[in-house]
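# Structure at a glance
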Amino acid sequence: MGKVKCECGHVNPNGTILCESCGRALTEKAKQEKLVDMRYEGSARRSQTYNKTIIDKVWNFFSSVKVGIWIIVLLLVAASFGTILPQEFYIPSNMPAETYYEDVYGVFGKIYYMIGFHDLYNSIWFSALIAALGVSLVIASLDRVIPLYRALKNQRVDRHETFMKKQRLFAEQEGVLQRGEMEKVRTELMKKRYKIREENGSLLAEKNRFSRWGPYVNHVGLIIFLFGALLRSVPGMYIDELLWIREGETLQVPGTDGAYYVKNNGFTLENYEEGEDPEVFDEAIDRVGTVAKNYQTDAVLYRDANNELPGADPELTEVQTESIQVNQPMKFDSFAVYQTSFRQDEMKAMHFALTNKETGEEFGGIVVDLFDQQESYDLGSGYKVELRGYYPDFDGFSESGEPTSKSPLPNNPAFLFNMITPETPDGEVSFAQIRNTMEPLGENEYKMAFKNLETRDVSALTIRKDLTLPILALGGIIFMIGVIQGAYWNHRRLWIREKEGHIYVAGHTNKNWHGLKREIHSVLNGTAIPEPEDRQKD
Amino acid sequence: MSDLAGVSSTLLYAAFLLYLVATFLFGGSIRQKGLRDGEGLNRWGRLGITVTIVGFAAQLGYFFTRWAAAGHAPVSNLFEFTTFFGMMIVGAFILIFFIYKTVVLGLFALPIAIIIIAYASMFPSEISPLIPALQSDWLHIHVTTAAAGQGILAISFIAGIIYLVKNIDQSVSTKKTKWLEAVMFFIVSVVAFILITSGFALADYKAEFEYVNKEDVAAQQEFTLPALVGPNEGTLLTEGKMEPLADMPAFINAKKLNTVLWSLAGGVILYGLIRLVTRKRVAALLQPLVQNVSSDLLDEISYRSVLIGFPVFTLGALIFAMIWAQIAWTRFWGWDPKEVWALITFLFYAAFLHLRLSKGWHGERSAWLAVIGFGIIMFNLVAVNLVIAGLHSYA
Ligand code: HEM
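The present account deals with the structure reproduced in this document.

## Examining the overall build of chain A
A tally of regular secondary structure across chain A gives 12 helices and 24 strands. Over its C-alpha atoms chain A spans a radius of gyration of 40 Å, topping by over 25% the 24 Å that the globule rule assigns to 538 residues. For chain A, the C-alpha atoms occupy an extent of roughly 135 × 55 × 55 Å along the three principal directions. A buried classification covers 48% of the 538 residues belonging to chain A. Contacts in chain A between residues far apart in sequence, at least 24 positions, make up 62% of those at least 6 positions apart. Of the roughly 27300 Å² that chain A leaves accessible, carbon and sulfur atoms contribute 53%. Put simply, chain A has 60 plus and 75 minus side-chain charges, and the middle of one group is 24 Å from the middle of the other.

Rendered as structure tokens:
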């Protein structure tokens, strides 16, 4: 790689536009320009220097901010398309997406579904856009930060006057710098926290150079964030499970390989009540009806001491007891357990009484646990009830007259009982539902009278582990540091130089020129040093 | 307790009036000659900013008394959030004012804040209890920071619109004048919406409809404006009220569409009247007010507001939002429409910054971008809450 040696003796990397040291223009084009492009200090960027191989071309493509902007704009436009209709994961889960979009939104919905916008954010092309953003961030940053760093490190105090002349803020005047005035300028600049360097009677005041690194720092933060998001697909980094758990149940915590169990000691749903809750809420409660106040599962977490022993029964030891509420997940190891959803009043058990139809006399009651039935219930003194059949989700009789069940869930439980009493030792058959009994095999003397129903709530807990969170947090923090660094400070420089009976003054800032102008004004005001003028004012 | 709530609404009302007064004071300040870039404030200007600050203090008073009355920060429904957003615009204006001392900014920022606060009060304003998902300190951390960011970004829009009003040639009709008028028409429509809604609310207009909703279930809906369009298979239950001209299919919320139609119709009439009476474009009417300010300065104010607002917005609307979503909804990101639109806003302003930096989009182009950015913010505030249903639709 060729190097460019400047008249001042400094050796610059190939492709340098303005000498890193003295600032002389090194290319023909830069020599012609009235104002120099100071964005990267005229440093040698790879993308501006090489354009031969495929690698060069790819590099140049992704290092272009124009391309970067296109990627950002495409991403934002694409993202907006995904909000026109609800995404697939937000439509009711009992409706197939193939028909849902057409049913609800007509032809438009059908097209939306057909072009895949119902699951836009998981599509390959959307992921590809994000990947392109990441690549572009890396390449564009590398292309600039290294040469910029070199240029700022190597800059000399006494810049060549052609460099100063091509600054946006510039003044030139005949005269010599007075010692006393320079002293005053120096103190003023120091008050404004400028770092001052002087060489050969020239002065360079500079402050907030660190803000130049802001964009690169924030890009690094973004890259770390995107990298963290990518890690999610690595096995073991991420677990997302849903656990429906009934009151009283103890279940394995999914995703923990059987190491943990959780018990639901009760689910609570509270609403805001007029009279109980602050009076100021009454009006709102009146207008909308019920407002939920709390969803809570009282949970006990156990560890299975025998988890490692194959075939052994679980041996549970309590780890912690907690009330899981929305916004207050239960945490253990790297897991968090959230209150996600619930179903109230699921049937748990039914109470029946064996009753003489004529006299109404009862000969004892039975409780049928809908999740754990007995074959027969002995009532003593020769009274006994046998459970011949259990249909948890009864939905009618088959052609052969058999009762059928739609599902194993106790949504509409029905029972076929055989009632044995001293009078009817062979038993009488009764088909019992919640408020209905039938006698399929002829008139009976006894019946199973329905007494009541025990219900309980079912709580849905989300079990989540996400080991990428610390990486995302790190990326987020670095991003914030970077944007603040770049946005709340500006890199400002003021050059003052005397050469051959002329005073040259130039100023530069990477943004916010009004601020710099005001600052220079207050520093040079009342001195014979000319105040630089803005040559780009419209 | 409810005394406090009463004090609170009085303070909000006072703030509203003070902002109005301040607008006129800034108007007076503009009329005084000789205010150019770099010169000090005149008496009107000083009065204007003082009244603005007093108004801001009154609104802060509203905010904290309401917080005390409710037991939670009043940013939990559309009324509260939108009011807060208005307050943040004023706050951001005060901040930027002390950097650049431009009175003309107040002349535009305060009316925008006033319209936004008036718009907010069209929503139910009672103090509502918090549903479980909102019961978190992150509610006020996230929402206030996000709104502060949006408020600062709004100043960029205001500086941008002043730039356009000043610099777009009004002697001919061009694409630019038309687009600028479109922005003006939009603002006028919002005003029309406020007038129409308050008018019918004063008259206590209520028409109940029974209709068949999206899930094919019979439901009822109360219209507070006469129904130009009615709900799917709707029948009017209230006697003596207007029958809709057309019924809408089930997936369209007829009530909201009706409100939009009324606002547009009102906007057309109001805007038409202004044009008829003055025989000038709205932007041309405003142009004389902004002659005295330097375009360069406006450009820098607009850019600076984005620079200040972008980090605040990112922190509030994305980072804090993600932290809270991880706690409340079990995941930090779920592509919910509100989340997506916050991301779009973020990406848009990122594009803005890059365009300025690398393509040199200064001045007019930058001003248009600032206008579009604010459009996106307003879309997220209004349309995403009202039109696109998602987890965030609490109002
Ligand atoms: C969402 C994604 C991005 C965000 C949030 C972001 C953010 C930023 C910010 C805040 C700045 C500082 C701007 C200023 O100070 O005015 C910046 C500068 C910059 N960004 Fe990005 N950026 C993103 C993507 C990209 C991409 C894809 C590229 C690729 C070409 C890129 C290239 C640059 C460059 C070259 C600079 C200017 C550095 C300088 O001149 O000092 N950025 N970025």
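## Comments concerning the site of the ligand
Taken together, the neighbourhood of the ligand is formed by 26 residues, with Tyr40(A), His219(A), Lys511(A), His354(B) and Leu357(B) sitting nearest. The environment of the ligand is shared, with nearby residues belonging to chains A and B. One of the side-chain N or O atoms of Lys511(A) is found 2.4 Å from an oxygen atom in the ligand. In this structure, a nitrogen atom belonging to the ligand sits 2.5 Å away from a side-chain N or O atom of His354(B). Counting only elements with at least two residues in the shell around the ligand, the list comes to helix 4 (65-81), helix 6 (124-154), helix 9 (214-231) and helix 11 (469-488) of chain A together with helix 9 (295-328) and helix 10 (337-359) of chain B. With 6 residues, helix 10 of chain B is the single largest residue contributor to the shell around the ligand.

## Section: the interface of chain A and chain B
With 58 residues of chain A in contact, the opposing surface of chain B contributes 63 residues. Surface buried jointly by chain A and chain B totals about 5200 Å² across both partners, of which 66% is contributed by carbon and sulfur atoms. Applying the counting criterion to the chain A and chain B interface returns 1 salt bridge. On inspection of chain A and its partner chain B, the count reaches 18 residue pairs in polar contact (both at pLDDT 80 or more). Taken together, the residues that form the side of chain A that touches chain B break down as 34 nonpolar, 11 polar and 13 charged.

## Brief notes about helix 5 (residues 97-114) of chain A
Residue and element names in this part refer to chain A. In this model helix 5 runs just 10 Å from its N-terminal to its C-terminal C-alpha over 18 residues, more than 12% under the 26 Å that 1.5 Å per residue would give. At Tyr105, helix 5 is bent by approximately 150°, the largest bend along its length. Those residues of helix 5 hidden inside the fold are in contact with helix 4. At the C-terminal side of helix 5, Gly116 shows a positive phi close to 85°.

## Quick look at the side chain of Gln325(A)
Within the element layout of this structure, Gln325(A) appears in strand 10 (residues 316-325). If sequence neighbours within four positions are ignored, Gln325(A) has contacts with Asn294(A), Tyr295(A), Gln296(A) and Gln339(A).

## Looking at the nonpolar core
In globular proteins that are soluble, nonpolar side chains generally tend to be buried together. Of all hydrophobic cores here, the largest spans 164 residues; its most connected members are Ile155(B), Ile158(B) and Ile162(B). Those residues in contact with Ile162(B), other than ones at most four positions away along the chain, are Val104(B), Leu105(B), Phe108(B), Val290(B), Val293(B) and Leu298(B). The next biggest cluster of nonpolar side chains, apart from the first, holds 19 residues, and it includes Leu354(A), Tyr377(A), Phe417(A) and Tyr446(A).

## Brief notes about the pairing of strand 16 (residues 394-397) of chain A
All names here are of chain A. Of the pairings in the sheet, the one linking strand 16 to strand 17 (residues 403-405) comprises 2 bridges and is antiparallel in character. The partner of Phe397 across the bridge, within strand 17, is Pro403. Between strand 16 and the antiparallel strand that follows it, strand 17, lie 5 residues; Gly401 among them carries a positive phi value of about 90°.

## What about the coordination of the iron atom of the ligand?
Around the iron atom of the ligand, the protein contributes the donor atoms His219(A) (NE2) and His354(B) (NE2), at 1.9 to 2.1 Å from the metal centre. Note that the iron atom of the ligand binds 6 donor atoms; their angles at the metal cover 82 to 178°, and the shape is octahedral. Remark: His354(B) occurs in helix 10 and His219(A) occurs in helix 9; the pair is interchain, linking two chains. For His219(A), a relative accessible area of 15% corresponds to the buried category.

## Quick word on the sheet that holds strand 19 (residues 428-433) of chain A
Residues and elements named next belong to chain A. On the basis of which strands lie adjacent, the open sheet formed by 5 strands has the order 14-15-18-19-20 and antiparallel pairing. Both edges of this open sheet fall to strand 14 (376-380) and strand 20 (436-438), since each of them pairs with a single strand only. Within this sheet the neighbouring strands show an average axis-to-axis angle of 25°, counted without direction.

## Here we look at the environment of Tyr295(A)
Along the polypeptide, Tyr295(A) turns up in strand 9 (residues 292-304). Each C-alpha atom, one on Tyr295(A) and one on Gln339(A), is 7.2 Å from the other, the two residues being 44 residues apart in sequence. Among all residues touching Tyr295(A), those that are not within four sequence positions of it are Phe267(A), Thr268(A), Leu269(A), Ile324(A), Gln325(A), Val326(A), Gln339(A), Phe342(A) and Pro132(B).

## Quick notes on the sheet that holds strand 4 (residues 235-236) of chain B
One open sheet accounts for 3 strands, arranged 2-1-4 (chain B); its pairing is antiparallel. Whereas interior strands pair on both sides, the edge strands pair on one side only; in this sheet they are strand 2 (218-223) and strand 4 of chain B.

## A few points about a negative patch on the surface
Residue and element names in this part refer to chain A. Together, Glu270, Glu273, Glu274, Glu276, Glu283 and Asp286 give the surface a local cluster of negative charge. Here Glu274 lies in the loop between strand 8 (260-271) and helix 10 (282-288). Exposure remark for Glu274: the relative accessible area of 41% places this residue in the partly exposed category.

## Looking at the packing of helix 2 (residues 43-70) of chain B against helix 3 (residues 78-100) of chain B
All names here are of chain B. Running from N to C, helix 2 and helix 3 point in directions that differ by 145°, and their axes come no closer than 10 Å. Read as a crossing pair, helix 2 and helix 3 show a hand that is left-handed. Side by side, helix 2 and helix 3 meet where Ile49, Thr52, Ile53, Phe56, Gln59, Leu60, Tyr62, Phe63 and Arg66 of the first sit next to Phe79, Glu80, Thr83, Phe84, Met87, Val90, Gly91, Phe93, Ile94, Phe97 and Phe98 of the second. Here the residues of the contact of helix 2 with helix 3 sort into 14 nonpolar, 4 polar and 2 charged.

## Re helix 2 of chain B
One full turn of an α-helix is made of 3.6 residues, so residues set three or four places apart face in the same direction. Over its 28 residues, helix 2 of chain B extends 40 Å from the first C-alpha to the last, a length consistent with the 40 Å expected when each residue adds 1.5 Å. Looking one or two residues past helix 2 of chain B, Gly71(B) carries a phi angle of roughly 85°, positive in sign.

## Brief notes about the pattern of salt bridges
Any two side chains of opposite charge can pair, on the condition that their charged atoms come close. All names here are of chain A. Evaluation of the coordinates by the stated rule reveals 38 salt bridges over all chains. Across the pair Asp240 and Arg464 runs a salt bridge whose closest N-O atoms are separated by 3.6 Å. In this pair, Asp240 sits in strand 6 (residues 238-246) while Arg464 sits in strand 21 (residues 446-466), placing the two residues 224 residues apart along the sequence. According to the relative accessible area criterion, Asp240 is partly exposed, its value standing at 42%. For Arg464, a relative accessible area of 7% translates into the label buried. Among the ionic pairs, Lys517 bridges to Asp534, the shortest N-O distance being 2.9 Å. Residue Lys517 is found in helix 12 (residues 513-524), and its partner Asp534 is found in strand 24 (residues 533-534); the two are separated by 17 residues along the sequence. Each member of the pair, Lys517 together with Asp534, is buried. Connected via shared salt-bridge partners are Arg246, Glu249, Arg343 and Glu346.

Conventions we followed
- Residues numbered from 1 in each chain as written.
- Chains lettered and ligands numbered in written order.
- Predicted model: local features only at pLDDT ≥ 70, side-chain atom pairs only at ≥ 80, totals over all residues.
- Heavy atoms only, no water.
- Helix = DSSP H or I, 4+ residues; strand = E, 2+ residues; numbered from the N terminus.
- Rg over C-alpha atoms; globule rule 2.2 N^0.38 Å.
- Buried < 20%, exposed > 50% of the residue type's maximum accessible area, 1.4 Å probe, protein only.
- Contact = heavy atoms within 4.5 Å.
- Areas by Shrake-Rupley, 256 points an atom, 1.4 Å probe, with all protein chains shown as cover.
- Lys, Arg positive; Asp, Glu negative; His and termini not counted.
- Charge placed at Lys NZ, Arg CZ, Asp CG, Glu CD.
- Near = heavy atom within 4 Å.
- Polar contact = N/O pair within 3.5 Å; in protein donor to acceptor, adjacent residues only side chain to side chain.
- Buried area = accessible area lost by both parts, 1.4 Å probe.
- Salt bridge = Lys/Arg side-chain N within 4 Å of Asp/Glu carboxyl O.
- Nonpolar A, V, L, I, M, F, W, Y, C, P; charged D, E, K, R; others polar.
- Expected span 1.5 Å × (residues − 1).
- Bend = angle between axes of the 7 residues up to and from the residue.
- Core = buried A, V, L, I, M, F, W, Y, C linked by side-chain atoms within 4.5 Å.
- Pairing = 2+ DSSP bridges.
- Donors = N, O, S within 2.8 Å, 3.2 Å for Na, K, Ca; no water.
- Tetrahedral: all angles 85-135°; square planar, octahedral: opposite > 155°, others 65-115°.
- Axes fitted to C-alpha atoms, helices over the stretch in contact; angles between N-to-C directions.
- Patch = residues over 30% accessible without salt bridge, like charges linked within 9 Å, V, L, I, M, F, W, Y side chains within 5 Å.
- Left-handed = near helix turned anticlockwise from the far one by under 90°.

By themselves these figures say nothing about function.
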